[in-house]
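So the chains spell out like this:
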Amino acid sequence: MSRVLVLGGSRSGKSAHAESLLSGRGDVVYLATSAPAADDADWAQRVAAHRARRPAGWTTLETTAPSELLRGGTLLVDSVTTWVAALMDETGVWAAEPGAHDRLADRVDALVNAWAMTPAHVVAVSDEVGLGVVPETRAGRLFRDTLGEVNQRLAGTADEVWFVVAGLPQRLR
């Protein structure tokens, strides 16, 4: 068992680094936390580029269920960022539904607990969004704050933490 967290900014090379940490392994399950959007050609192109980079022997599973981490084996989660965005969608946070923040807290706890308890070898990718400007909107600040908290909690129980800047990986732990 090993938990590896790879952090970085957008287009920093964090996904490629995470994939390189698992090179040569044929038993990898790639947990894709975001499906392509039919009406967003740019997003579909990004998803396609990630798919094309993966070795043919890897299995892809699209999910936002933290229980997938409990399966064991070798997993690559790409990415925690889109996972948190999906959790915010699924719990009704964006629409300010009653009880949404409690539902979000429960789902975040489930994700962090699954990470901490997994018998699998997991490499997870996440954006470090706290390095930029303060978001202008309430929703942007809420997302940044939630992802920052999740990243801290995952890093707290990770066996290794990497930070990738301009394609250069730096091991933090």
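- In the annotation of an unreviewed UniProt entry, the entry for the chain reads Adenosylcobinamide kinase, and the organism field reads Geodermatophilus obscurus.
- Looking at the Sequence similarities (unreviewed entry) heading of the UniProt record, one finds this comment for the chain: "Belongs to the CobU/CobP family."

1. So, helix α5 (residues 138-157)
Then, number 1: Taking 1.5 Å of rise per residue, the 20 residues of α5 would be expected to cover 28 Å, and the 29 Å separating its terminal C-alpha atoms lies within 8% of that figure.
Then, number 2: Those residues of α5 lying buried are L142, F143, R144, T146, L147, V150, N151, L154 and A155.
Then, number 3: Looking at the buried positions of α5, the neighbouring elements they touch are β1 (2-8), α3 (80-90), α4 (100-117), β5 (121-127) and β6 (160-165).

2. Here we look at the packing of α4 against α5
Then, number 1: At a minimum axis separation of 9 Å, α4 and α5 run at an interaxial angle of 25°. If you check the angle between α4 and α5, you find them roughly parallel. The interaxial crossing formed by α4 with α5 has right-handed handedness. For the pair α4 and α5, contact is made by H101, L104, V108, D109, L111, V112, W115 and A116 and by R138, L142, T146, V150, R153, L154 and T157, respectively.

3. Things to note about the pairing of β5
Then, number 1: Among the 7 residues in β5, 7 count as buried, and that is most of the element.
Then, number 2: What you see with β5 is no split at all: H121, V123, V125 and D127 on one side and V122, A124 and S126 on the other are buried throughout.
Then, number 3: Of the strand pairs in this sheet, β1 and β5 are connected by 7 bridges, and their pairing is parallel. The residue bridging S2 from the neighbouring strand is H121, located in β5.

4. Some thoughts on the pattern of salt bridges
Then, number 1: Summed over the entire model, instances satisfying the criterion amount to 8 salt bridges.
Then, number 2: For the salt bridge of R144 with D145, the shortest nitrogen-to-oxygen distance reads 2.8 Å.
Then, number 3: For D145, a relative accessible area of 43% gives the class partly exposed.
Then, number 4: Across the salt bridge formed by E149 and R153, the nearest N and O atoms sit 3.6 Å from each other. Of the two residues, E149 and R153 both sit in helix α5, 4 residues apart, roughly one turn of that helix.
Then, number 5: Residue R153 is classed as partly exposed on the basis of its relative accessible area, which comes to 28%.
Then, number 6: One connected set of salt bridges, linked through shared partners, spans D109, E149 and R153.

Cut-off values and rules
- Residues numbered from 1 in each chain as written.
- Predicted model: local features only at pLDDT ≥ 70, side-chain atom pairs only at ≥ 80, totals over all residues.
- Heavy atoms only, no water.
- UniProt positions renumbered as here; feature names shortened; annotations may be inferred.
- Helix = DSSP H or I, 4+ residues; strand = E, 2+ residues; numbered from the N terminus.
- Expected span 1.5 Å × (residues − 1).
- Buried < 20%, exposed > 50% of the residue type's maximum accessible area, 1.4 Å probe, protein only.
- Contact = heavy atoms within 4.5 Å.
- Axes fitted to C-alpha atoms, helices over the stretch in contact; angles between N-to-C directions.
- Parallel < 35°, antiparallel > 145°, perpendicular 65-115°, else oblique.
- Left-handed = near helix turned anticlockwise from the far one by under 90°.
- Pairing = 2+ DSSP bridges.
- Salt bridge = Lys/Arg side-chain N within 4 Å of Asp/Glu carboxyl O.

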